Every structure is written in structure tokens, then in C-alpha cells.
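What follows is each chain in one-letter form.
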Amino acid sequence: MIHDGVLEHVMPPNPTDERRSETRLPFTTELTIVWHHDLDSMGRYSVIDVSEHGLRVRSRLPMVKGMTGMALRLLPEGTPLDRTVMVRWVRKVDDGSGYDIGLSFLEA
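This one's a predicted model, so the numbers in the text were calculated from it and none came from an experiment.

Draft legend 1. Highlighting the overall build of the protein. Scanning the protein from N- to C-terminus turns up 0 helices and 6 strands. Starting at the N terminus and ending at the C terminus, the protein contains elements arranged as β-β-β-β-β-β. The buried share of the protein, taken over its 108 residues, is 35%. Of the roughly 7100 Å² that the protein leaves accessible, carbon and sulfur atoms contribute 55%.

So this is what it looks like as C-alpha cells:
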């Protein structure tokens, strides 16, 4: 288990990281992910929006850029996703509610 206070440093946004030209659809659901570095634990994240190439989720903890995992299901319906994702960017939310995380789908 990682404690919130351990991970305070987040890289500032890089202007070249923002390539979201496609339409993003808002979501009111959650996503379950198993990260490749810890296959015994599952994370659950609020989905902010989704596109053909990835998702934006909200997390109470920051994540490491480049981290990969398997996006398993969309909740509460339990819709299977089964797509490999990679963390592309991390931004602290202005209101202090956590971090927005940009995840891209990786091709199989």
C-alpha cells in the first residue's frame, strides 16, 4: 500500500504531451485497472472522459508517466474493456481533489 504523502512530486505538464484533437465524451463511471508492476492489486478510478485513443481518469494519488496496466472493466455495469493502457500525463487538480491522469490505449 502506498501512502498519499509519499508521492507529492508530479512533473509539470509538457506542451507536447497535449495531443487531444479528437472528440472526448464525458463519462459518469469507474474503471478498474491492474497495474503490471503489482498484479495482485486492482485500482478503481473515476472516468472523466474517453476517446478512441484513451481515457482521462481521476486518482487520489499521482501515477508515474510510462506506467502500464490492464484496464479490465467499466463499472457499475461491469462492461469488459480488457485493453492495455499507459500513463501519458499527470496533472494535479486545482481544487485539491486529486490528480487527472491521461491514459492511452496500447495496441495489442
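Draft legend 2. Molecular detail of the pairing of strand 6 (residues 99-105). In terms of burial, strand 6 is largely enclosed, as 7 of its 7 residues are buried. Taking every second residue as pointing to the same face, both faces of strand 6 are buried, with Tyr99, Ile101, Leu103 and Phe105 on one and Asp100, Gly102 and Ser104 on the other. By the bridge criterion, 6 bridges tie strand 3 (residues 54-59) to strand 6 in an arrangement that is antiparallel. Paired with serine 59 across the two strands is tyrosine 99, which belongs to strand 6. In this sheet, strand 6 lies alongside strand 5 (residues 79-92) in antiparallel orientation, the contact comprising 7 bridges. In the sheet register, lysine 92 faces strand 6, and the bridge partner there is tyrosine 99. Here strand 5 hands over to strand 6 after 6 residues, with glycine 96 in that stretch at a positive phi of 80°.

Here is what the cut-offs are and how they apply
- Residues numbered from 1 in each chain as written.
- Predicted model: local features only at pLDDT ≥ 70, side-chain atom pairs only at ≥ 80, totals over all residues.
- Heavy atoms only, no water.
- Helix = DSSP H or I, 4+ residues; strand = E, 2+ residues; numbered from the N terminus.
- Buried < 20%, exposed > 50% of the residue type's maximum accessible area, 1.4 Å probe, protein only.
- Areas by Shrake-Rupley, 256 points an atom, 1.4 Å probe, with all protein chains shown as cover.
- Pairing = 2+ DSSP bridges.

Everything listed here is a matter of geometry and, on its own, says nothing about what the molecule does.
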